[in-house]
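Now for the letters of each chain:
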Amino acid sequence: MCSTSSDIKIKVNIGGVVIGGGAPVAVQSMTNTDTHDVKATLSQIHRLVDVGCEIVRCAVPDMEAIPSLKEIVKESPIPVVADVHFDARIALASIEAGCAKLRINPGNIKDRAKIKEIAEEARSENVTVRVGANSGSLGSGTESMAERLVDSALKQAQILMDCGLSQVVLSVKSSDINDTISANRILAKKTKFPIHLGLTESGSLVSGLVRSTTALAPLLSDGIGDTLRVSLTADPVLEVKAAWSILEVAGRRKEFPTIISCPTCGRTHGDLLAVLEKVEKALAGITGITVAVMGCEVNGPGEAKSADCGLALGASKVVVFAKGELIGAYKTEEEAVDILADYARRNFEQKREIIHSGRETAGGRPERGS
């Protein structure tokens, strides 16, 4: 039964990306382009991949979008999830088009026979199905919203299981923070299937990020969640960046350096935001270190001495420092960023070598991604 609790989640393979069973939490986003427009959708997918997106979802609103979906699936560098509502025919056609995962909502495909047909086709084609229960599509009831969300998701998961489909992911989402937290905590106790996290309709960039962090960070810190999307009314690229930040704060993944930066003030020299973006791009792939990006001498090496390394903008030069000690002063931001990136990469490689050597000495093999 899908209600059996377990600390070990079932592993599910989504087009080569494994979630559940102790695998790293996978970062998702959703395109906001017209899926009928293959070129625009693929362009956005590549932008998402550049900032760390690992799974992408595309809306499939009608049968006319299926040929485009097929082409998108073929050309996408990451697994594509088909987001389908109401029409089981579109779900079946999306599986035939080659999607790695199908997202359906138990609130709007209610014909049990159709659900079974989808499950059988998904099992045949080795396609994962995400059952996404959403508070906006549930009917009324005497139980709490959290309990009703879980009940809805588990009931449809059971239908899929009865058809022999084991490639299942569950999600219970609400725009209410407390309902989202409560529902996922209940669900985590009742299922072995991987859980997709998200706060639906979270809002604009600032408010949505705050609300999503408030909802998702406690769950992630508790070890709940195997994949997530931060839903923002903003560029999907920002959703991916937000997801990585939340995962880092919750201690669930460390794929990027921790970058601290000052809030800027009237003493700031130059365009600190532009410099920060250059540093983030230059340090992609470096983990386990803290890097400071400061706008003036006041917030320079002194206040940022706890960082492994960093830079500070000056009136005529940019200084680069490590552990509060000056490395050098440079005339251009580009040169300073290059020096900083070189130092950070060498620092990262040294730490990784120490970890690697320690594991070999202990007789263990380095873990994947170490």
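Procedures and definitions
- Residues numbered from 1 in each chain as written.
- Predicted model: local features only at pLDDT ≥ 70, side-chain atom pairs only at ≥ 80, totals over all residues.
- Heavy atoms only, no water.
- Helix = DSSP H or I, 4+ residues; strand = E, 2+ residues; numbered from the N terminus.
- Rg over C-alpha atoms; globule rule 2.2 N^0.38 Å.
- Contact = heavy atoms within 4.5 Å.
- Lys, Arg positive; Asp, Glu negative; His and termini not counted.
- Charge placed at Lys NZ, Arg CZ, Asp CG, Glu CD.
- Pairing = 2+ DSSP bridges.
- Core = buried A, V, L, I, M, F, W, Y, C linked by side-chain atoms within 4.5 Å.
- Buried < 20%, exposed > 50% of the residue type's maximum accessible area, 1.4 Å probe, protein only.
- Axes fitted to C-alpha atoms, helices over the stretch in contact; angles between N-to-C directions.
- Parallel < 35°, antiparallel > 145°, perpendicular 65-115°, else oblique.
- Left-handed = near helix turned anticlockwise from the far one by under 90°.
- Nonpolar A, V, L, I, M, F, W, Y, C, P; charged D, E, K, R; others polar.
- Salt bridge = Lys/Arg side-chain N within 4 Å of Asp/Glu carboxyl O.
- Right-handed = clockwise from strand over helix to strand, strands pointing away.
- pLDDT = per-residue confidence, 0-100.

Novice: What's the story with the overall build of the chain in this structure? I'm lost.
Specialist: Scanning the chain for helices and strands turns up 10 helices and 15 strands. Computed over the C-alpha atoms, the radius of gyration of the chain is 23 Å, within 12% of the 21 Å expected from 2.2 N^0.38 for a compact globule of 370 residues. With respect to the principal axes defined by its C-alpha atoms, the chain has extents near 70 × 50 × 40 Å. In the chain, the share of contacts with a sequence separation of at least 24, taken over all contacts with a separation of at least 6, comes to 63%. Between the mean site of the 43 positive side-chain charges and the mean site of the 46 negative ones, the chain shows a separation of 4 Å.

Novice: Would you mind showing me how to read the sheet that holds strand β5 (residues 80-83) here?
Specialist: Strand pairing in a sheet relies on backbone hydrogen bonds. The paired strands run either parallel or antiparallel. Pairing is parallel in the open sheet, where 8 strands are placed in the order β8-β7-β6-β5-β4-β3-β10-β9. Looking along the sheet, the strands with just one partner apiece sit at the ends: β8 (168-173) and β9 (196-197). With 2 bridges connecting them, strand β3 (residues 26-30) and strand β10 (residues 227-228) associate as parallel partners. From the neighbouring strand, V27 faces β10, where its bridge partner is L228.

Novice: What's the story with the nonpolar core in this structure? I'm lost.
Specialist: When a protein is soluble and globular, its nonpolar side chains tend to lie buried together. Grouped together as the largest cluster of nonpolar side chains are 75 residues, with contacts concentrated most on L102 and L228. Among the elements that make up this core, the one with the highest residue count is helix α5 (residues 145-162) (8 residues). If we skip the residues at most four places from it in the chain, L228 touches V25, A26, V27, Q28, H196, L197, L216, L220, A243 and L247. Residues C262, L283, V291 and C309 belong to the second largest nonpolar core, which totals 29 residues.

Novice: Is there a simple way to think about the packing of α5 against helix α6 (residues 177-190) in this case?
Specialist: Geometry of a packed helix pair, given as the angle between the helix axes and the separation of the axes. It is the contact of α5 with α6, at a shortest axis distance of 8 Å, that shows an interaxial angle of 45°. Considered as vectors, α5 and α6 are oriented oblique to each other. The handedness of the crossing between α5 and α6 comes out as right-handed. On α6, the residues touching M145, A146, E147, L149, V150 and L154 of α5 are D179, S182, A183, I186, L187 and K190. For the contact of α5 with α6, the per-class residue count stands at 8 nonpolar, 1 polar and 3 charged.

Novice: Mind showing me how you'd approach unusual backbone geometry here?
Specialist: What is expected of a backbone is that most residues other than glycine have negative phi and most peptide bonds are trans. Not every positive phi belongs to a glycine, and F86 is a case in point at roughly 70°. Within the fold, F86 resides in the loop between β5 and α3 (88-96). On the basis of relative accessibility, which here comes to 65%, the residue F86 falls in the exposed class. Positive phi outside glycine occurs at N126, with the angle close to 60°. Within the secondary structure, N126 is located in the loop between α4 (112-125) and β7 (128-134).

Novice: I tried to follow the environment of D50 on my own but got confused; where do I start?
Specialist: Structurally, the position occupied by D50 is in helix α1 (residues 38-50). Separated by 146 residues in sequence, D50 and H196 have C-alpha atoms that sit 22 Å apart.

Novice: What is the right way to look at the pattern of salt bridges in this model?
Specialist: Should the charged atoms of two oppositely charged side chains come close, the side chains can pair. For the coordinates displayed, the defined rule picks out 13 salt bridges. Here E54 makes a salt bridge to R253, at a shortest N to O gap of 2.9 Å. With E54 in the loop between α1 and β4 (55-59) and R253 in the loop between α8 (236-249) and β11 (258-261), the pair connects residues that are 199 residues apart, well separated along the chain. As a salt-bridge pair, D162 and R112 come within 3.9 Å of each other at their nearest N and O atoms. Linking D162 in helix α5 with R112 in helix α4, this pair joins segments that are 50 residues apart in sequence. Residues participating in the shared-partner salt-bridge network are R57, D83 and R103.

Novice: Is there a simple way to think about the pairing of strand β12 (residues 290-294) in this case?
Specialist: One face of the sheet, then the other: side chains in a regular strand alternate in exactly this way. With 4 of its 5 residues buried, β12 lies for the most part within the structure. Examined bridge by bridge, β11 and β12 share 4 bridges and lie parallel to one another. The residue of β12 that forms the bridge with I259 is V291. Note that the unit made of β11, helix α9 (residues 272-282) and β12 has a crossover that is left-handed.

Novice: I keep staring at the confidence of the model for the chain and nothing clicks. Help me out?
Specialist: Parts of the model with low pLDDT should not have their predicted coordinates read in detail. For the chain, per-residue confidence averages 87 on the pLDDT scale, and 90% of positions sit at 70 or higher. Highest mean pLDDT in the chain belongs to helix α2 (residues 66-75) (98); lowest belongs to helix α10 (residues 333-361) (75). Under a pLDDT of 50 for its full length, residues 1-6 has, in the predicted model, 18 contacts with residues more than four places off or in other chains. Low pLDDT, under 50, characterises residues 358-370; the stretch is placed with 7 contacts to residues that sit more than four places away or in other chains.

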